[in-house]
Amino acid sequence: MAIRRWITAVATLAMGLTSAAVIASPAGAAGPRPNFQVPFPCNQTWNGNNDNSSAHVGWELDFNRGSTADADLGDTVVAAAAGKVVISAHQGSTNGYGNLVKIDHGGGWTTYYAHLRARSVSVGQQVAQGQKIGELGNTSKPGNNISPHLHFEVRTSDQAYPNNTQKAVFNGVTFPYPHANVTSKNTCSGGGNNNPYDAVEVCGDGYKVIDSAALGSAGTAYLLYNSANGNNCVTTIKSASVGTASAVSAFLEVQGSARKADTGSFEYYAGPVSAPAGNKCVKWGGSAGSSTYESGFEHCG
């Protein structure tokens, strides 16, 4: 079952109350952490490395994925989150960044994309999450010969460099330093505000969707069934305000039993709510934003 990311939640189930906390913003930062994604196109897997460079003084990451030194040269680099381009220039002899793009995401958060072969954006330009901003390269200061890679940083405005470099958090999960492979979920549904989770992933292996109900443009409630154990499962997947905590719920009521519900302020989905329902009818539904759905007793047997 996927791990849900939330900020504040009240999850009311038949057996009691559960809660969890989102990764906090660093002390002194002006705003909440944006929902950063891996800075490469959807479903690409890259190796992030923090421990193989003398240039690293904080939580910077170098990314590669090819089997040879030059295999990644020219690969597309995309914005980790929406924002405004505040630097798009070759740094010359100022530092070792070479072609650098810096994006201001608001709230004191910025990201750096260094050593680019080419830059696709200009200063002052607003960019969407997942938008191409350049191509992976090996540019640096004169005399500094490096192999192609993307040097990526997340910084905040609360402290001076290098103390303001922050651990990378992609899709709500802190990167497992010092090195690991990560698969991009950046705009996997074709837009900048898409949900990386689906109903089967939330409910778990063995479940299949047997019914669904649209909740306006805010999300969809899903009813799933697992033929191996006879359980039903309900989850509501958000399609608006994805990555930002907002009201969402899911419930399941097996005829003759108490209703189970998961209700709160969640970033991606409500649920999973599951229960055995062999040879019984179920009532199910959920809500997202101002839209609500509740079925009658159905799917009996």
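Residues numbered from 1 in each chain as written. Predicted model: local features only at pLDDT ≥ 70, side-chain atom pairs only at ≥ 80, totals over all residues. Heavy atoms only, no water.

The protein is annotated in an unreviewed UniProt entry as Peptidase family M23 of Amycolatopsis xylanica.

S.K.: It is not clear to me how the overall build of the protein should be interpreted in this structure. Could you clarify?
M.R.: Each helix and strand in the protein was counted, giving one helix and 23 strands. Out of the 301 residues in the protein, the part that is buried amounts to 48%. At a minimum sequence separation of 6, the contacts of the protein that also span at least 24 residues come to 59%. (Helix = DSSP H or I, 4+ residues; strand = E, 2+ residues; numbered from the N terminus. Buried < 20%, exposed > 50% of the residue type's maximum accessible area, 1.4 Å probe, protein only. Contact = heavy atoms within 4.5 Å.)

S.K.: Help me out: how do you make sense of the nonpolar core in this one?
M.R.: In summary, soluble globular proteins display a tendency toward joint burial of nonpolar side chains. Judged by nonpolar contacts, the single largest core of 29 residues is most densely connected at Phe63, Tyr113 and Leu150. Counting residues in each nonpolar core, the second largest holds 18 residues, with Ala213, Ala221, Ala275 and Ala288 among its members. (Core = buried A, V, L, I, M, F, W, Y, C linked by side-chain atoms within 4.5 Å.)

S.K.: What am I meant to see in the pattern of salt bridges here?
M.R.: Between side chains of opposite charge, a pair can form when the charged atoms approach closely. Inspection of the entire model under this criterion finds six salt bridges. Residue Lys132 is joined to Glu135 by a salt bridge in which the shortest nitrogen-to-oxygen separation is 3.4 Å. Salt-bridge contacts for Glu253 lead to Arg259; the nearest nitrogen and oxygen are separated by 3.0 Å. With a relative accessible area of 16%, Glu253 lands in the buried category. What makes Arg259 partly exposed here is its relative accessible area of 35%. (Salt bridge = Lys/Arg side-chain N within 4 Å of Asp/Glu carboxyl O.)

S.K.: What should I look at first to understand unusual backbone geometry in this one?
M.R.: Leaving glycine out, the prevailing phi sign among residues is negative, and the prevailing peptide bond configuration is trans. Omega for the peptide link from Tyr161 to Pro162 comes to 5°, which places this bond in the cis form. Of note, Pro162 is situated in the loop between strand E12 (150–156) and strand E13 (169–170). A cis amide bond links Gly271 with the next residue in sequence, Pro272, at an omega value of 5°. Relative to the helices and strands, Pro272 is located in strand E21 (residues 269–276). Notably, His115 is not glycine yet its phi reads approximately 70°, a positive angle. Positioned with a positive phi, Asn171 is a non-glycine residue whose angle comes to about 55°. With respect to the secondary-structure elements, Asn171 resides in the loop between E13 and strand E14 (173–174).

S.K.: In this structure, what is going on with the environment of Gln125? I would like to understand it.
M.R.: By the secondary structure assignment, Gln125 is in the loop between strand E9 (118–119) and strand E10 (126–127). Classification of Gln125 as partly exposed rests on a relative accessible area of 26%. Here the alpha-carbon distance between Gln125 and Ser88, two residues 37 residues apart in the chain, equals 9.9 Å. What Gln125 contacts, discounting residues up to four positions off in sequence, is Gly83, Lys84, Val85, Ser120 and Gln131.

S.K.: Where do I start with the state of the cysteines in this structure?
M.R.: Working definition of a disulfide: a covalent bond connecting the sulfur atoms of two cysteines. All chains considered together, the criterion is met by two disulfides. Here Cys203 pairs with Cys233 through a disulfide, and the sulfurs are 2.0 Å apart. Residues Cys203 and Cys233 are joined through a disulfide that is left-handed, its torsion about the S-S bond being -80°. Note that Cys203 is positioned in helix H1 (residues 199–203) and Cys233 in strand E18 (residues 231–238), a separation of 30 residues in sequence. The residue that forms a disulfide with Cys281 is Cys300, at a sulfur-sulfur distance of 1.8 Å. Residues Cys281 and Cys300 share a disulfide whose torsion about the S-S bond is about 105°; that sign makes it right-handed. Of this pair, Cys281 sits in the loop between E21 and strand E22 (282–288) while Cys300 sits in the segment after strand E23 (291–294), and the two are 19 residues apart along the sequence. (Disulfide = S-S within 2.5 Å.)

S.K.: Honestly, the sheet that holds E21 in this entry has me stumped. Any pointers?
M.R.: Working definition: the strands of a sheet are paired by backbone hydrogen bonds and lie parallel or antiparallel to each other. The strand order E16-E17-E18-E21 describes an open sheet built from four strands, whose pairing is antiparallel. Whereas interior strands pair on both sides, the edge strands pair on one side only; in this sheet they are strand E16 (207–215) and E21. Neighbour-to-neighbour, the strand axes of the sheet open up by a mean angle of 15°, direction not taken into account. Bridging between E18 and E21 involves six bridges; their strand directions are antiparallel. Within the sheet, the bridge partner assigned to Val234 lies in E21 and is Val273. (Pairing = 2+ DSSP bridges. Axes fitted to C-alpha atoms, helices over the stretch in contact; angles between N-to-C directions.)

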